[in-house]
Amino acid sequence: MTDIQIDAAFDSGNIEVLSVVGSTARLAIRQDHHSEFRQWFHFRLSGQAGQEVELNIEQMESTAYPRGWPGYNARVSEDREYWGVAATSYDAKENGGTLTIRYTPASDIAYFAYFAPYSMERHHDLIAECAASQGVTYQRIGTTLDGQPLDYVRLGEGETQVWLYARQHPGETQAEWWMEGALECLTDESDTLARELRRRCTFHIVPNCNPDGSRRGHLRTNAVGANLNREWLDPSDDRAPEVKAILAKMDETGVHFAMDVHGDEAIPAVFLAGYEGIPDLTEEHIGQFNRYEAILERRTPDFQTRLGYPKTPAGKGNLGMSTNHVAHRYGCPAMTLEMPYKDNQDAPDAEQNWSPERCKILGRDCLAALLEFLAG
Ligand code: ZN
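This write-up is about the structure you can find in this document. (Residues numbered from 1 in each chain as written. Predicted model: local features only at pLDDT ≥ 70, side-chain atom pairs only at ≥ 80, totals over all residues. Heavy atoms only, no water.)

**Things to note about the nonpolar core**
- In this structure, F41, W178, F203 and Y292 are the most contacted members of the largest nonpolar core, which totals 105 residues.
- Top element by residues in this core is helix α8 (residues 356–375). It accounts for nine residues.
- Residue contacts for F41: discarding those within four places in its chain leaves N14, I15, I29, I57, W69, Y72, A74, L99, I101, F112, A113 and Y114. (Core = buried A, V, L, I, M, F, W, Y, C linked by side-chain atoms within 4.5 Å. Buried < 20%, exposed > 50% of the residue type's maximum accessible area, 1.4 Å probe, protein only. Helix = DSSP H or I, 4+ residues; strand = E, 2+ residues; numbered from the N terminus. Contact = heavy atoms within 4.5 Å.)

In C-alpha cells form, the structure reads like this:
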C-alpha cells in the first residue's frame with residue numbers, strides 16, 4: 001500500500017506534515033506569519049479512494065482557542081462545492097491535544113478544512129460579479145502589505161449610510177460566505193427587500209478586510225501578524241493599512257449602522273456583540289443595538305441571545321476593536337456578528353453542521369432585520 005499524500009501549498013492552505021505511514025498521518029497547524037495564533041487548517045489528501053484514512057492533528061491545546069476542538073467536526077469536500085462533516089474526535093491529553101479525523105474518500109482527492117474555505121479566487125469572482133451589477137460602484141480603496149487590492153463596493157441611493165465589512169480575521173470564512181449571501185440579495189433587481197433597502201440606504205461593503213491573511217491561510221492576522229480588529233484606534237501604514245483605508249472611507253461617507261462579520265471558535269451558536277463598554281454611552285445609543293438584536297432573534301431561528309460573550313463593564317470597552325470604535329466615533333449602532341464553526345446547537349445539521357449555505361441565508365436575514373429596524 002502506498003502512503004497517502006497531503007498538500008497545502010495553495011490559496012488559503014495550511015498544514016504541516018509531521019509523518020505519514022500508509023493511510024495514517026500526523027499533522028500540525030502552522031502559525032500565522034509573525035504571530036503565535038494558529039487554528040485554521042486547510043489541506044488536500046490524495047491517493048486513497050475507498051480506504052479509510054486517519055488524520056491526527058497534534059498540539060491543539062496550544063492553538064489560539066483550544067475550547068474550539070471538543071464537540072467540533074472537521075469539514076470535508078471531494079468536489080470543492082459541497083462541504084460536509086467528517087467523523088472527528090478530540091483527545092486533549094494525547095500529543096498536546098489531538099484532533100482525529102476519520103474519513104473514507106470515494107475518490108482519490110479530498111479536501112479538509114476548519115470551515116468551508118473562501119478562496120481569494122472566489123473573492124475575485126464575487127467582486128467582479130458585483131462590479132458588473134446594475135447600480136454598483138466599485139472602488140479599490142487600498143493595497144495590502146502583500147500587494148493585494150482592498151476591495152470596496154457601494155450600492156443604493158438612500159440617506160442612511162450602512163457599513164458591512166467582514167473577515168478582519170481571515171480564518172473566519174463564514175464571514176465571506178455571509179457576504180456572498182448579502183451581496184446576492186442586494187444586487188438582485190427583482191428582490192423587493194433589496195429594492196426597498198437600496199431606496200432607503202447607501203451600502204458600503206468590504207467583503208474581505210484581510211486578503212493577505214486569507215491567501216496565506218491564517219486564522220487571525222494579516223501579513224505582518226497584526227490582528228486587525230485591535231488596530232482601530234491608530235492604524236498605521238506599515239501594520240494595518242487595511243484598517244486605515246477602511247476608516248478613511250468611513251470618515252468620508254459617515255456611518256449610521258455598521259456590522260462587522262466574524263466566526264467564533266468555541267460557542268455553538270450565532271450571536272451579536274455590541275458596544276456596551278464604550279465611554280459616554282447613553283441608554284438611547286445602546287437601545288438601538290438591543291432593538292436590532294431583538295428583531296433578528298424574532299426573524300430567524302438561527303439567531304439567539306442566550307449564548308455569547310460576557311458584557312464589557314461600563315467604560316472598559318477596547319476602542320481598538322472596530323465595533324467599539326465605530327459606535328464611539330460615529331455615535332451609531334455597530335455590532336460584531338459571530339457564527340459558529342461547531343454546529344448550531346439550536347438547529348443542528350448532522351450532515352454539514354453550520355455551513356456556507358446557512359451563512360448566506362443569514363446574510364439575507366440580517367438585511368431583512370435591518371429593513372424592519374429602519375422602518376420601526
Ligand atoms: Zn473574529
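Let's pick the thread back up.
**Some remarks on the sheet that holds strand β4 (residues 42–46)**
- Reading across from one edge, β1-β4-β10-β6-β7 is the order of the five strands in this open sheet, with antiparallel pairing throughout. In the strand order of this sheet, the two ends are held by β1 (5–7) and β7 (84–85), each with one partner.
- Sheet topology note: the strand β6 (residues 75–77)/β7 ladder contains two bridges and is antiparallel. Of the residues in β7, the one forming a bridge with R75 is V85. (Pairing = 2+ DSSP bridges.)

**Overview of the packing of aromatic side chains**
- For the structure on display, the rule yields 19 aromatic pairs.
- Seen in terms of ring centroids, Y165 and W232 are 5.7 Å apart; in terms of plane orientation they differ by 35°. Their pairing is tilted. Of this pair, Y165 sits in strand β13 (residues 160–166) while W232 sits in the loop between α4 (211–216) and α5 (241–253), and the two are 67 residues apart along the sequence.
- Where Y275 meets F289, the ring centres are 6.0 Å apart and the plane angle is 75°; that geometry is what we call edge-to-face. Within this pair, whereas Y275 is found in the loop between β16 (271–273) and α6 (283–299), its partner F289 is found in helix α6, the two being separated by 14 residues in sequence.
- Through a chain of ring-to-ring contacts, three or more aromatic side chains come together here, namely F41, F43, W69, Y72, Y103, F112, Y114, F115 and Y341.
- Its end group placed over the ring of Y111, R80 keeps NZ or CZ at 4.9 Å from the ring centre.
- When the ring centre of F37 is taken as reference, the NZ or CZ atom of R220 above it lies at 5.4 Å. (Phe/Tyr/Trp six-rings, centres within 6.5 Å; stacked < 30°, edge-to-face > 60°. Lys NZ or Arg CZ within 6 Å of the ring centre and 35° of its normal.)

**Let's talk about the packing of α5 against helix α7 (residues 322–330)**
- At a minimum axis separation of 12 Å, α5 and α7 run at an interaxial angle of 25°. Judged on the interaxial angle alone, α7 and α5 are roughly parallel. Pair α5 / α7 crosses with right-handed handedness. Residues L247, M250 and D251 of α5 lie in contact with α7, whose contacting residues are H325, V326, R329 and Y330.
- Here the residues of the contact of α5 with α7 are counted per class, giving four nonpolar, one polar and two charged. (Axes fitted to C-alpha atoms, helices over the stretch in contact; angles between N-to-C directions. Parallel < 35°, antiparallel > 145°, perpendicular 65-115°, else oblique. Left-handed = near helix turned anticlockwise from the far one by under 90°. Nonpolar A, V, L, I, M, F, W, Y, C, P; charged D, E, K, R; others polar.)

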